[in-house]
Amino acid sequence: MSSIITLEIEGMLIDVGKNEFFLNHSCLFQKEDLKMIPYDDEDRKGFSKSINSVKKRLDLLGYSLNQIKDIFNKKIKYINQLNDVNLPIKFEDYYKVVKNINICNIEINDENDFYLLNYIKEYLIDEIKKNNKISGDSIFAIENTLEDFLEKLPQYVTLRILAENESNQKLELIWKIADVIENGWILEEDIIPVLSPKEKILIVTEGSSDTDIIKKSIDFLYKDISDFFEFIDMKKNYPFTGTGNLKNFIKGLSKINILNNILVILDNDTAGLAVFNDIKKINLPKNIKVITLPELKDFNRFKCKGAKGDSYENINGKAVSIECFLDHNFIKKEIYVKKTESFDELSQFQGNIEPKQLLIKSFHENYCKGKYNFSKIKYLINHILKKLDY
């Protein structure tokens, strides 16, 4: 007896496998997504995750909107050459058709209607007929080529576009695995989600406080993608100070053939910018990116103290460290930037926020209690996530 495994949304089939012949979609889910879900006759084990969460995971898996356009164009070029037919559709056409699909509005009248690709194919054929003058023989060839193309296009391209429709984001992506497990085609522990080293993202920070704050913030704000990230800090793993040594640390990373995508995060201060500008001259591999902490309007006028007294200055690019993004209302002491030295290279001062340790302590004690203001930290984390489009 055949054991069927399906990936579906509201009964619409995204992918179907049988016995041991199926695609492993565990990267779309986390361990806690394994639960009892409805099957035809009863509740059985399967994975379930909101489309909105799946959307974020697809972005990190290499299926962001920019990336799927490239995947689409390469695949359609290959199919056209293979079949000696020019499919008259562009990525923008496909995107428009798929994004406009509201899964809950689809009427299922027969068995073929369960397959989402059949539904998409009919829409695309209608668009092609409407926008092109095509004879009967040509439309037959185009239909066959289109079917071949849709079967070979990675399902995650279509799934990522579906997730752009807000009506679909609240729905659940379901992976029904019970049959293949219960009938012995695979062990349950072999299908539990564990991301591969290549799918993991390594975040490198200047110090342990940066690592701890970013890690806890991602866990708190975006638990549905937190399993993608691993962290190291430069001070702990390369305990040599100075901008030259930070540059050497990053050069070393580029030479050890790490499979992960790597994001190096530098402070948005004078020292950090000096390193950043220096690193831009290095030909780094595609999987390594170096960024600074983002600028923020709130930092345009920030209290500073130095040898010449107190002042209010723009600290963007001069003294922005991760502590600037924390909630400053939880401590009673005065918060300011202490000017420490000048950099001739950039003709500007370097500064450190004070009281730094008190701000860090306040974060760890209060961030998960409900009243902590995460607005600046969320801005920071979103900035980091946007930079992960490799």
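Up top is the structure these notes are about.
Because the structure is a prediction, the values reported are computed rather than measured.

Colleague: Please clarify how the nonpolar core should be interpreted in this entry.
Modeller: As a rule of thumb, nonpolar side chains are buried together in soluble globular proteins. With 95 residues, the main nonpolar core has Leu28, Phe149 and Phe229 as its most contacted residues. Core analysis: the next-biggest nonpolar cluster, separate from the first, contains 14 residues, Phe249, Ile250, Ile262 and Leu266 among them.

Colleague: Explanation requested: the sheet that holds strand E10 (residues 288-292) in the structure shown.
Modeller: Sheet strands associate in pairs through backbone hydrogen bonding, adopting either a parallel or an antiparallel arrangement. Read from one edge of the open sheet, 4 strands run E7-E6-E8-E10, paired in parallel fashion. Two strands close off the open sheet at either side, each with one partner strand: strand E7 (229-233) and E10. The mean angle between the axes of side-by-side strands here comes to 20 degrees, regardless of whether they run parallel or antiparallel. Summarising the sheet, strand E6 (residues 201-205) and E7 pair through 5 bridges and their orientation is parallel. Each bridged residue has a counterpart across the sheet, and for Val204 the counterpart in E7 is Ile232. Against the sheet, helix H12 (residues 270-279) engages strand E8 (261-266) and E10, with an angle of about 150 degrees to E10.

Colleague: Help me out: how do you make sense of the side chain of Gln30 in this one?
Modeller: The residue Gln30 is located in the loop between strand E2 (12-18) and strand E3 (34-38) in this model. By relative accessible area, which is 5% here, Gln30 ends up buried. One polar contact links the side chain of Gln30 to the main-chain carbonyl oxygen of Lys223, over a distance of 2.9 Å. The contact partners of Gln30, leaving out residues within four places of it in the chain, are Phe47, Lys49, Arg57, Pro193, Lys223, Asp224, Ile225, Ser226 and Asp227.

Colleague: Sorry, what's going on with the environment of Leu150 here?
Modeller: Within the fold, Leu150 resides in helix H5 (residues 136-152). Accessibility expressed as a relative area gives 4% for Leu150, which makes it buried. Setting aside anything within four residues of it in sequence, one finds Leu150 in contact with Tyr94, Leu117, Lys121 and Leu124.

Colleague: I'm lost on the packing of helix H3 (residues 91-99) against helix H4 (residues 116-131) in this one. Help?
Modeller: How two helices pack is summed up by the angle between their axes together with the distance between the axes. Where H3 contacts H4, the two axes come as close as 10 Å, and the packing angle between them is 130 degrees. Of the possible angle classes, the one that applies to H3 and H4 is oblique. Taken as a pair, H3 and H4 cross one another with a handedness that is right-handed. Listed contacts from H4 to Tyr94, Val97 and Val98 of H3 are Ile120, Tyr123, Leu124 and Glu127.

Colleague: It is not clear to me how H3 should be interpreted in this structure. Could you clarify?
Modeller: What sets the pattern is the α-helix's 3.6 residues per turn: residues three or four places apart point alike. For H3, the complete set of buried residues consists of Phe91, Tyr94, Val97 and Val98. Looking down the long axis of H3, one finds its buried residues gathered within 130 degrees of arc, a one-sided arrangement.

Colleague: Honestly, the sheet that holds E3 in this entry has me stumped. Any pointers?
Modeller: Across the sheet, 5 strands lie side by side as E2-E1-E5-E4-E3; this open sheet has antiparallel pairing. Since the sheet does not close on itself, it has two edges, and those belong to E2 and E3, each with one partner. Ignoring which end each strand starts from, the neighbouring axes of this sheet average 30 degrees apart. Those strands touched by helix H1 (residues 51-60) are strand E1 (4-9), strand E4 (43-50) and strand E5 (172-176), and its axis lies near 65 degrees from that of E4. Packing against the sheet, helix H6 (residues 155-162) makes contact with E1, E2 and E5, and its axis sits at approximately 155 degrees to E2.

Colleague: Would you explain the packing of aromatic side chains in this entry?
Modeller: Taken as a whole, this structure holds 18 aromatic pairs when the rule is applied. Judged by centre distance (5.6 Å) and plane angle (70 degrees), the ring pair of Phe72 and Phe91 falls under edge-to-face. Here the residue Phe72 occupies a position in helix H2 (residues 65-83), and Phe91 occupies one in helix H3, the gap between them amounting to 19 residues. Accessibility expressed as a relative area gives 0% for Phe72, which makes it buried. An angle of 15 degrees between the planes, with centres 4.8 Å apart, marks the rings of Phe220 and Phe374 as stacked. Separated by 154 residues along the polypeptide, Phe220 in helix H9 (residues 208-221) and Phe374 in the loop between helix H13 (356-366) and helix H14 (375-386) bring together distant segments of the chain. Judged by its relative accessible area of 40%, Phe220 is partly exposed. For Phe374, a relative accessible area of 10% puts it in the buried group. By the ring-pair criterion, three or more aromatic residues cluster together here, those being Phe220, Phe330, Phe363, Tyr367, Tyr372 and Phe374. Stacked on the ring of Tyr312, the Lys or Arg Arg301 has its end atom at 4.5 Å from the ring centre. Lying across the ring of Tyr336, Lys305 places its NZ or CZ 4.6 Å from the centre.

Criteria and thresholds
Residues numbered from 1 in each chain as written. Predicted model: local features only at pLDDT ≥ 70, side-chain atom pairs only at ≥ 80, totals over all residues. Heavy atoms only, no water. Core = buried A, V, L, I, M, F, W, Y, C linked by side-chain atoms within 4.5 Å. Buried < 20%, exposed > 50% of the residue type's maximum accessible area, 1.4 Å probe, protein only. Pairing = 2+ DSSP bridges. Helix = DSSP H or I, 4+ residues; strand = E, 2+ residues; numbered from the N terminus. Axes fitted to C-alpha atoms, helices over the stretch in contact; angles between N-to-C directions. Contact = heavy atoms within 4.5 Å. Polar contact = N/O pair within 3.5 Å; in protein donor to acceptor, adjacent residues only side chain to side chain. Parallel < 35°, antiparallel > 145°, perpendicular 65-115°, else oblique. Left-handed = near helix turned anticlockwise from the far one by under 90°. Arc of directions from axis to C-beta. Phe/Tyr/Trp six-rings, centres within 6.5 Å; stacked < 30°, edge-to-face > 60°. Lys NZ or Arg CZ within 6 Å of the ring centre and 35° of its normal.

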